[in-house]
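Summary of structural features
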Amino acid sequence: MLRIYFFALISALHLNLTAQDTFSIVAVDTTTGEIGSAGASCLDNNSFPGSGGAIIISDILPGRGAIHTQSYWVATNQNNARARMQEGLAPDQIIQWLRTNDVNGPFGALSRQYGIVDFSPTGQPRSAAYTGTGCLDWKGQRTGLTYAIQGNILLGPAILDSMEARFLAAEGPLADRLMAAMQGANVPGADSRCLSNGTSSLSAFLRVAKPDDSEDSLYLDLNVPSLPPGREPIDSLQTLYDLWKTTSTQSPTALPLFKVFPNPAAGAFFIESPDDAILTLYDLQGMVMLQTELPAGSRRLSPTLPRGWYLLQLRYANGQTQCRKLAWE
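Residues numbered from 1 in each chain as written. Predicted model: local features only at pLDDT ≥ 70, side-chain atom pairs only at ≥ 80, totals over all residues. Heavy atoms only, no water.

Describing the pattern of salt bridges
- What the rule picks out here adds up to 13 salt bridges.
- Where Arg112 meets Asp102, a salt bridge forms, and the shortest distance between an N and an O atom there is 2.8 Å. Residue Arg112 is found in the loop between helix H4 (106–109) and strand E5 (113–119), and its partner Asp102 is found in the loop between helix H3 (91–100) and H4; the two are separated by ten residues along the sequence. Take Arg112 and Asp102: they sit in the same class, and that class is buried.
- For Lys245, the salt bridge goes to Asp176, with nearest N and O atoms at 3.1 Å. With Lys245 in helix H7 (residues 233–245) and Asp176 in helix H6 (residues 174–183), this pair connects stretches of sequence that are 69 residues apart. (Salt bridge = Lys/Arg side-chain N within 4 Å of Asp/Glu carboxyl O. Helix = DSSP H or I, 4+ residues; strand = E, 2+ residues; numbered from the N terminus. Buried < 20%, exposed > 50% of the residue type's maximum accessible area, 1.4 Å probe, protein only.)

Encoded structure:
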């Protein structure tokens, strides 16, 4: 529910999220019941403070489905799409409803782009996508039984073709396959607005929900909301994902997760560790900003850091590692 309220707040502030997002994928895993969402855009949290970047288009209902509403994004349309999924409409029915009931009327729907996946009441995967004729070129979509890929303002159809090919060729869990799809668009100007920046985009995200997850606490929820000029968000997303994978599987004797507060922090923060560890602080490019021995208990740290997002990693003597995200203001 928090995401719905956030969407409503953004809408109330009248942020014109023009052509948000650019390329994205939603998908389900029929074996695990996982539902995933990933995407990127040449709009970021600096362009539209409070949006979080491309992630604003992502809505996952664990155990049910995922929805991407993009191209001239409107909070009301996204909230309506969620409501229709909660009512039990299939992806193609949700899209038809949105086309008929767009917040700006039928002509408004011509500028929208949607990608939706879900599980039917009998557990069968379903997908659907829509690209209005008013979306900016190049625009298009690719769908399969378990996925929907869509994009606008692209260099050309090769971006979606590459995303689809890499998603289908990748092995392993759904998160691996979504990350592979994102790497398929990791070329300068994938979002053509970012060609002069030398990057595919300015922000990127990767999210996966297990069937029993809470909507506000997903199994995997990574976001690169913004970066300095010239840095590639998909590379940063890959770095975060690789670090996350080192901590995603814990043994039965795993230590309790360490605590960090306040978060967001400014000037200083505290860490409570259940055991002696080595603390490493990474930026979103995977660069080491701080490394120090951390004894069990509570410790105050006051590094000098630029404003942004960071990843805290604790590595314990038993080989276990744990990670937490830290926002620095």
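A closer look at the sheet that holds strand E16 (residues 308–316)
- The four strands lie next to each other as E14-E13-E16-E17, forming an open sheet whose pairing is antiparallel. The sheet is open, and its two edges are formed by strand E14 (288–294) and strand E17 (321–328), each paired on a single side. Each strand axis lies, on average, 20 degrees off the axis of its neighbour in the sheet, ignoring direction.
- By the bridge criterion, seven bridges tie strand E13 (residues 277–283) to E16 in an arrangement that is antiparallel. Bridge pairing in E16 links Leu279 to Leu314. (Pairing = 2+ DSSP bridges. Axes fitted to C-alpha atoms, helices over the stretch in contact; angles between N-to-C directions.)

Observations regarding the packing of aromatic side chains
- The final tally for this structure, using the stated rule, is six aromatic pairs.
- Each ring, one from Tyr219 and one from Trp244, has its centre 5.1 Å from the other, and the planes form 85 degrees; the classification is edge-to-face. Residue Tyr219 is located in the loop between strand E9 (203–209) and strand E10 (220–224), and its partner Trp244 is located in helix H7; the two are separated by 25 residues in the primary sequence.
- A relative accessible area of 30% means that Tyr219 is categorised as partly exposed.
- Ring geometry for Tyr241 against Trp244: centres 5.7 Å apart, planes inclined by 15 degrees, an arrangement best described as stacked. A residue pair is termed a helical-turn pair when its members lie 3 or 4 positions apart in one helix, as Tyr241 and Trp244 do in helix H7 at three residues.
- By way of ring pairs, the aromatic residues Tyr219, Tyr241 and Trp244 are connected into one cluster.
- Between Lys210 and the ring centre of Tyr219, over which it is positioned, the NZ or CZ distance is 4.2 Å.
- Lys325 extends its terminal NZ or CZ atom over the ring of Trp309, reaching a point 5.6 Å from the ring centre. (Phe/Tyr/Trp six-rings, centres within 6.5 Å; stacked < 30°, edge-to-face > 60°. Lys NZ or Arg CZ within 6 Å of the ring centre and 35° of its normal.)

Details of a nonpolar patch on the surface
- A cluster of nonpolar side chains, contributed by Leu155, Val187 and Leu195, occupies part of the molecular surface with about 250 Å² of accessible area.
- Within the secondary structure, Leu155 is located in the loop between strand E8 (147–151) and helix H5 (158–169).
- We classify Leu155 as partly exposed; its relative accessible area is 48%. (Patch = residues over 30% accessible without salt bridge, like charges linked within 9 Å, V, L, I, M, F, W, Y side chains within 5 Å. Areas by Shrake-Rupley, 256 points an atom, 1.4 Å probe, with all protein chains shown as cover.)

With respect to the nonpolar core
- Core analysis: the biggest nonpolar cluster contains 37 residues, and Phe23, Met163 and Leu178 have the highest contact counts within it.
- Of all the elements in the fold, those that place two or more residues in this core are strand E1 (23–28), strand E2 (35–41), E8, H5, H6, E9, E10 and H7.
- Membership of the second largest hydrophobic core comes to 18 residues, among which are Leu255, Phe269, Leu305 and Leu314. (Core = buried A, V, L, I, M, F, W, Y, C linked by side-chain atoms within 4.5 Å.)

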